[in-house]
Amino acid sequence: MGNADYVFPSTNAECARRVAIPPPQPFVKSLKYNLKETFFPDDPLRQFKNQPTSRRFVLGIKYFLPIFDWAPSYTFDFLRSDFIAGITIASLAIPQGISYAKLANLPPILGLYSSFIPPLVYAMMGSSRDLAVGTVAVASLLTASMLGNEVNANENPKLYLHLAFTATFFAGVFQASLGLLRLGFIVDFLSHATIIGFMAGAATVVILQQLKGILGLDHFTHSTDLVSVLRSVFSQTHQWRWESAILGFCFLFFLLITRYFSKRKPRFFWVSAMAPLTSVVLGSILVYLTHAEKHGVQVIGHLKKGLNPPSFADLVFVSPYLSTAIKTGIITGVIALAEGIAVGRSFAMFKNYHIDGNKEMIAFGTMNIVGSCTSCYLTTGPFSRSAVNFNAGCKTAVSNIVMALAVMVTLLFLTPLFHYTPLVVLSSIIISAMLGLIDYEAAIHLWTVDKFDFIVCISAYAGVVFCSVEIGLVIALAISLLRLLLFVARPKTFILGNIPNSMIYRNVEQYTNTSSVPGVLILEIDAPIYFANASYLRERIARWVDEEEDKLKSSGETSLQYVILDMGAVGNIDTSGIGMLEEVKKVMDRRELKLVLANPGAEVMKKLNKSKLIEKIGQEWMYLTVGEAVGACNFMLHTRKPDPLREESEAYNKV
């Protein structure tokens with residue numbers, strides 16, 4: 001059984017293979033290393049090493065403005081591909097921009113403004129070749145929900161507009177600050193499951209909100225929860241307009257059919273991309289010819305010509321609205337960052353290139369700060385538009401420049417053509433886009449792989465749909481953080497057994513053919529030992545020992561003599577963890593058991609050495625591997641002299 005025939009190494013070999021204590025490091029050097037690993041894991045300053053000052057200046061310009069890095073090698077073939085992609089995404093950006101501005105309770109023209117300046121800024125500063133910049137539905141909904149709680153957009157449209165600009169400004173400042181301070185890891189607290197549930201819930205809420213446009217209702221609830229929306233819809237059945245409903249469902253059917261066709265035939269991606277603009281054109285012509293605006297079909301109305309007017313003077317930095325603008329900016333900024341970076345990384349993976357998350361944050365932040373000063377509201381990289389850009393064959397961020405120029409032409413010359421665009425068509429465009437965000441296949445995958453992640457996803461979805469967007473986000477974050485705390489505070493511990501005919505020891509639950517080692521209990525601690533889990537680990541180790549002794553007594557096997565702790569997965573330990581090991585050592589001594597440590601890492605050994613715990617445990621009871629520790633214990637079990645006091649005590653306990 002186990003390693004009964006193991007020959008314990010000689011004294012010289014034992015000393016040569018003793019667990020080493022790392023040489024001491026100055027505190028400043030250690031702190032510098034830890035800070036670098038926390039804030040600069042990608043080592044962005046590596047390219048500046050051993051470079052002359054002039055070269056460092058050029059590299060710095062290229063770092064913050066990547067356009068100067070790839071522009072010198074730009075070719076005509078790239079321009080042709082980017083031009084086609086830019087025109088294609090412009091056909092999607094124009095109707096979506098108008099639609100999402102209405103969703104945010106902002107003037108429709110702001111959707112076009114926001115598709116002009118921000119893409120130009122991102123083209124210069126962004127590191128993604130495929131991201132198509134523009135407004136997004138979730139951020140628009142959040143803006144309407146959070147600002148609408150303080151200011152009614154219909155009663156005080158000017159103040160509401162200025163608060164939207166101010167929230168965009170603070171979102172940009174927050175995003176850029178995260179990038180400059182290398183704090184991008186904060187966004188990682190929005191787990192994949194959280195984002196799936198939140199996006200699906202927000203999409204559901206957005207779809208429900210579009211019932212106002214589909215049914216042609218003049219008055220609608222400002223609440224976003226399911227109950228309030230349905231109550232508002234069915235309490236006004238006498239005001240439903242069948243003309244608007246028929247028109248809306250026809251265009252929605254057209255948009256869904258084109259999207260389905262493009263998915264089945266990927267080379268015809270442009271059919272789905274052109275469908276929203278086609279719907280706007282057809283809807284406008286239909287309304288113009290039939291005068292449907294006189295029969296209950298609401299239209300956009302007048303859109304003024306001209307480029308973005310400056311709006312820096314419109315920013316609101318005074319009470320009582322400043323706190324609302326800051327809160328709205330931070331929350332929408334985080335959501336926009338999470339979506340934009342996730343989309344950028346997804347498409348970068350397809351083309352096998354890397355994007356810097358912190359540089360992306362600086363780019364997003366800068367374009368939103370500039371946008372807030374030029375009559376734009378929050379923008380990021382939406383998935384639908386970026387997918388069209390990717391499928392259209394874009395090569396660089398020039399596709400964003402082409403899209404911005406197309407929007408500029410629209411602003412200068414074509415805005416009067418949107419006068420007769422029916423709002424119901426915009427509602428259909430939004431519904432069609434939002435259906436793509438309800439990823440039920442991803443939710444099923446979560447259920448299959450990890451039930452807890454599925455609970456996080458469903459909690460986020462339910463919170464958004466039945467309460468509000470903000471509450472849903474808070475619920476999802478709280479559950480995700482709770483799970484993180486559970487991972488830290490309740491780490492896994494396993495009993496290890498010997499795989500037959502080897503020196504390998506593995507989890508007995510995973511490898512059922514393992515055999516136990518008589519008189520030896522081998523435990524693996526699968527996490528760093530910190531104050532949050534030290535008490536739990538002490539109690540769990542004691543329970544493992546109790547259970548093992550009970551099992552041995554009931555089976556009449558050899559009594560327990562040694563407890564080996566495999567420390568291979570313990571990357572670090574704090575003073576609470578050291579105190580826990582000291583207590584475990586005392587408990588083992590009282591129970592006449594020997595505590596043995598296997599494979600302790602460098603950080604653990606440094607802390608154990610400084611705390612003098614090595615002397616208490618004994619350097620001779622620390623081994624490089626579990627196999628060596630078991631061999632030593634076996635050797636001692638077969639060579640030690642019987643202890644009459646212990647045997648008498650065990651006999652008394654049996655009586």
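Computed from a predicted model, the values in this text were never measured in an experiment.

## Focus on the overall build of the protein
Item 1. A tally of regular secondary structure across the protein gives 28 helices and 6 strands.
Item 2. Taking the principal axes of its C-alpha atoms as reference, the protein extends roughly 105 × 70 × 55 Å.
Item 3. Here the contacts in the protein between residues at least 6 apart in sequence split such that 81% fall between residues at least 24 apart.
Item 4. By element, 63% of the accessible surface of the protein is carried by carbon and sulfur atoms, the whole surface being about 31,700 Å².

## Let's talk about unusual backbone geometry
Item 1. In the segment running from Ser 319 into Pro 320, the intervening peptide bond is cis, with an omega of 5°.
Item 2. Position of Pro 320 relative to the elements: it lies in the loop between helix 14 (269-290) and helix 15 (322-351).
Item 3. One non-glycine residue with positive phi stands out, namely Ser 375, at about 60°.
Item 4. Following the sequence through the fold, Ser 375 ends up in the loop between helix 16 (357-372) and helix 17 (383-391).
Item 5. Since its relative accessible area comes to 6%, Ser 375 is described here as buried.
Item 6. With a phi close to 55°, Asn 599 is a non-glycine residue in the positive phi region.
Item 7. Residue position: Asn 599 is located in the loop between strand 5 (594-598) and helix 25 (602-610).
Item 8. By relative accessible area, which is 37% here, Asn 599 ends up partly exposed.

## Some words on the confidence of the model for the protein
Item 1. Within the protein, residue pLDDT values average 85, and 93% of them lie at 70 or more.
Item 2. In the model, residues 10-16 has pLDDT below 50 throughout and makes 2 contacts with residues more than four positions away in sequence or in other chains.
Item 3. A low-confidence stretch, residues 641-655 stays under pLDDT 50, and its non-local contacts, those more than four residues away or across chains, total 9 contacts.

## A word on empty space enclosed by the protein
Item 1. Under the defined criterion, the tally for this structure stands at 6 cavities of 30 Å³ or more.
Item 2. By volume, the second largest cavity is sized at about 50 Å³.
Item 3. As for the second largest cavity, its lining consists of Leu 190, Thr 194, Ile 195, Phe 198, Met 199, Ile 335, Ala 338 and Glu 339.
Item 4. Of all the secondary structure elements, the ones that give two or more residues to the lining of the second largest cavity are helix 10 (192-209) and helix 15.
Item 5. Its residues placed into classes, the lining of the second largest cavity shows 6 nonpolar, 1 polar and 1 charged.

## Quick look at the packing of aromatic side chains
Item 1. Scanning the model with the defined rule gives 13 aromatic pairs in all.
Item 2. Between the aromatic rings of Tyr 122 and Phe 364, the centroid separation amounts to 5.8 Å while the plane-to-plane angle is 20°, which identifies the pairing as stacked. Placement of the pair is Tyr 122 in helix 7 (residues 117-125) and Phe 364 in helix 16, with a sequence separation of 242 residues. Residue Tyr 122 shares its accessibility class with Phe 364, and that shared class is buried.
Item 3. With centroids separated by 5.9 Å and ring planes inclined at 85°, the aromatic side chains of Phe 170 and Phe 317 adopt a geometry described as edge-to-face. Of this pair, Phe 170 sits in helix 9 (residues 157-180) while Phe 317 sits in the loop between helix 14 and helix 15; the two residues are 147 residues apart in sequence, bridging distant segments of the chain.
Item 4. For Phe 170, a relative accessible area of 17% gives the class buried.
Item 5. Judged by relative accessible area, which is 41%, Phe 317 ranks as partly exposed.
Item 6. One aromatic cluster is present, built from ring pairs that chain together Trp 70, Tyr 74 and Phe 78.

## Focus on the pattern of salt bridges
Item 1. Across all of its chains, the model carries 12 salt bridges by this definition.
Item 2. Arg 80 is the partner of Asp 77 in a salt bridge, and the nearest nitrogen-oxygen pair spans 3.4 Å. Here Asp 77 pairs with Arg 80, and both are found in helix 5 (residues 76-103), just 3 residues apart, close to one helical turn.
Item 3. When its relative accessible area of 44% is taken as the criterion, Asp 77 is described as partly exposed.
Item 4. Exposure remark for Arg 80: the relative accessible area of 49% places this residue in the partly exposed category.
Item 5. Of the charged contacts in the structure, one is a salt bridge between Glu 548 and Lys 551, with a shortest N-O distance of 3.5 Å. Separated by 3 residues within a single helix, Glu 548 and Lys 551 lie in helix 23 (residues 531-555), roughly one turn from each other.
Item 6. When its relative accessible area of 9% is taken as the criterion, Glu 548 is described as buried.

## Thoughts on the environment of Pro 309
Item 1. Mapping Pro 309 onto the fold places it in the loop between helix 14 and helix 15.
Item 2. For Pro 309 and Cys 373, which are 64 residues apart along the polypeptide, the C-alpha to C-alpha distance reads 8.6 Å.
Item 3. For Pro 309, the contacting residues outside a window of four places in its chain are Tyr 113, Cys 373, Thr 374 and Ser 375.

## Quick word on the pairing of strand 1 (residues 493-498)
Item 1. For strand 1, a buried count of 6 out of 6 residues is recorded, marking the element as mostly surrounded by other parts of the structure.
Item 2. Burial of strand 1 is two-sided: the residues Thr 493, Ile 495 and Gly 497 facing one way and the residues Phe 494, Leu 496 and Asn 498 facing the other way are all buried.
Item 3. Pairing geometry for strand 1 and strand 3 (residues 520-525), over 3 bridges, is antiparallel. Residue pairing in the sheet places Phe 494 in a bridge with Glu 524 of strand 3.
Item 4. Pairing analysis gives 3 bridges linking strand 1 to strand 2 (residues 505-507), with the strands arranged antiparallel. In the sheet register, Leu 496 faces strand 2, and the bridge partner there is Asn 507.
Item 5. Taken together, strand 1 and the strand that follows it, strand 2, pair antiparallel across an intervening segment of 6 residues, in which Asn 501 is found at a positive phi of about 60°.

Calculation notes
- Residues numbered from 1 in each chain as written.
- Predicted model: local features only at pLDDT ≥ 70, side-chain atom pairs only at ≥ 80, totals over all residues.
- Heavy atoms only, no water.
- Helix = DSSP H or I, 4+ residues; strand = E, 2+ residues; numbered from the N terminus.
- Contact = heavy atoms within 4.5 Å.
- Areas by Shrake-Rupley, 256 points an atom, 1.4 Å probe, with all protein chains shown as cover.
- Buried < 20%, exposed > 50% of the residue type's maximum accessible area, 1.4 Å probe, protein only.
- pLDDT = per-residue confidence, 0-100.
- 1 Å grid on protein atoms, 1.4 Å probe; cavity = no way out; pocket = protein on both sides within 12 Å on 5 of 7 lines; lining within 4 Å.
- Points joined across faces, edges and corners; volume = space filled by probe spheres on them.
- Nonpolar A, V, L, I, M, F, W, Y, C, P; charged D, E, K, R; others polar.
- Phe/Tyr/Trp six-rings, centres within 6.5 Å; stacked < 30°, edge-to-face > 60°.
- Salt bridge = Lys/Arg side-chain N within 4 Å of Asp/Glu carboxyl O.
- Pairing = 2+ DSSP bridges.

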